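Understanding the architecture of this molecule
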Amino acid sequence: MSHATIHKEFPVLFSEEQIAARTAEIGRQIDQDYAGHAVVLVGVLKGAAIFLADLARCITVECTFDFVAVSSYGKGQRTSGAVKMIKDLDQPIEGKHIIIVEDILDTGLTLCFLRSLFEQHKPASLRIAALLDKPSRRLEKIDADYVGFHIPNHFVIGYGMDYAERFRNVPDIRLMPPDYPELH
Ligand code: IMP
């Protein structure tokens with residue numbers, strides 16, 4: 001198996017069809033919850049870019065995008081613990097209905113940091129949409145308002161999620177084998 005296609009050996013956790021169906025359900029829920037309002041989807045780069053792109057197309061209420069980038073895992077599977085803003089919001093969020101769109105809620109450090117930062121800017125409302133939730137890994141008390149799937153404590157790649165910046169373009173979500181040789 002070549003370097004470029006090694007992920008095909010990783011077990012599929014969620015297929016493209018499963019992800020699309022669940023994303024459409026979340027879109028419908030957002031449409032109901034925000035009927036008559038405009039929302040700002042704030043994607044957390046880079047992992048949430050693909051989920052945001054698909055979720056946005058399942059939403060019919062008025063919707064704009066913004067993106068932030070925070071420091072995250074670096075090269076490995078472990079977080080450093082410290083969260084730092086690398087790219088801030090482009091537009092003011094005061095008085096707006098904000099939905100933070102994240103690929104995966106893991107320890108909760110990233111979303112806790114962003115939530116308290118954004119709350120200082122007095123949005124009309126602030127919710128979180130996370131495609132995946134690993135509740136067993138939580139270090140901060142935080143929940144997402146919209147969750148695609150709850151998953152056990154496994155490292156996953158694909159559909160925007162990376163290992164050392166690779167595999168973001170894999171169209172489904174796959175389990176990273178713990179014995180993958182390049183992990184060490
Ligand atoms: P948290 O701050 O620990 O909640 O981490 C959130 C971020 O860690 C996510 O946005 C991902 O970028 C990254 N992350 C956590 N778990 C995984 C995983 O299984 N695969 C890829 N990235 C992950």
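In what follows, the accompanying structure is described.

If you trace the six strands from one edge of the open sheet to the other, you get 4-3-2-5-6-7, paired in mixed fashion. Two strands close off the open sheet at either side, each with one partner strand: strand 4 (85-87) and strand 7 (146-150). Neighbour-to-neighbour, the strand axes of the sheet open up by a mean angle of 30 degrees, direction not taken into account. One ladder, built from four bridges, connects strand 6 (residues 125-133) with strand 7; its direction is parallel. Within strand 7, the position partnered with Ala 130 by the bridge is Val 147. The sheet strands contacting helix 1 (residues 16-33) are strand 5 (97-105), strand 6 and strand 7, and the helix crosses strand 7 at an angle near 155 degrees. Its contacts with the sheet put helix 3 (residues 109-119) on strand 2 (39-45), strand 3 (63-70), strand 4, strand 5 and strand 6, and the angle it makes with strand 5 is roughly 170 degrees.

The terminal C-alpha atoms of helix 1, which comprises 18 residues, lie 26 Å apart, in line with the 26 Å expected from a rise of 1.5 Å per residue. Listed as buried for helix 1 are Ile 19, Thr 23, Ile 26, Gly 27, Ile 30 and Asp 31. Angular distribution of buried residues about the axis of helix 1 spans 145 degrees; they occupy a single face of the element. Looking at helix 1, the residues exposed on the side facing more than 90 degrees away from the buried face are Glu 17 and Gln 32.

Attention shifts here to the sheet that holds strand 1 (residues 12-14). Here we have three strands laid out as an open sheet, ordered 1-9-8, and antiparallel in their pairing. A strand with exactly one partner marks an edge of an open sheet, and here the two such strands are strand 1 and strand 8 (156-157). Where strand 8 and strand 9 (residues 173-175) come together, two bridges link them in antiparallel fashion. Residue pairing in the sheet places Ile 157 in a bridge with Arg 174 of strand 9.

Cut-offs applied
- All residue numbers refer to position in the chain's written sequence, counted from 1.
- A pLDDT threshold of at least 70 governs which residues receive local features in this predicted model, and a stricter bar of 80 or more applies before side-chain atom pairs are shown or counted, although totals over entire chains, interfaces and linings include all residues.
- For the side-chain quantities, the full set of heavy atoms in the structure was used; hydrogens and water were omitted.
- Here the rule is simple: two strands pair whenever DSSP picks up at least two bridges between them.
- Only runs of H or I of at least four residues qualify as helices and only runs of E of at least two qualify as strands under DSSP, and these elements are numbered from the N terminus.
- Axis lines are fitted through C-alpha atoms, for helices just across the contact stretch, and the angle between N-to-C directions can take any value from 0 to 180 degrees.
- We call two residues contacting when some pair of their heavy atoms lies within 4.5 Å.
- Between the first and last residue of a helix there are one fewer steps than residues, each counted as 1.5 Å, and that sum is the expected span.
- Only protein chains enter the accessibility calculation, which uses a 1.4 Å probe; a residue whose area is less than 20% of its type maximum is buried, one above 50% is exposed, and one in between is partly exposed.
- Starting at the helix axis, one direction is taken to each C-beta atom, and the arc is that of these directions.

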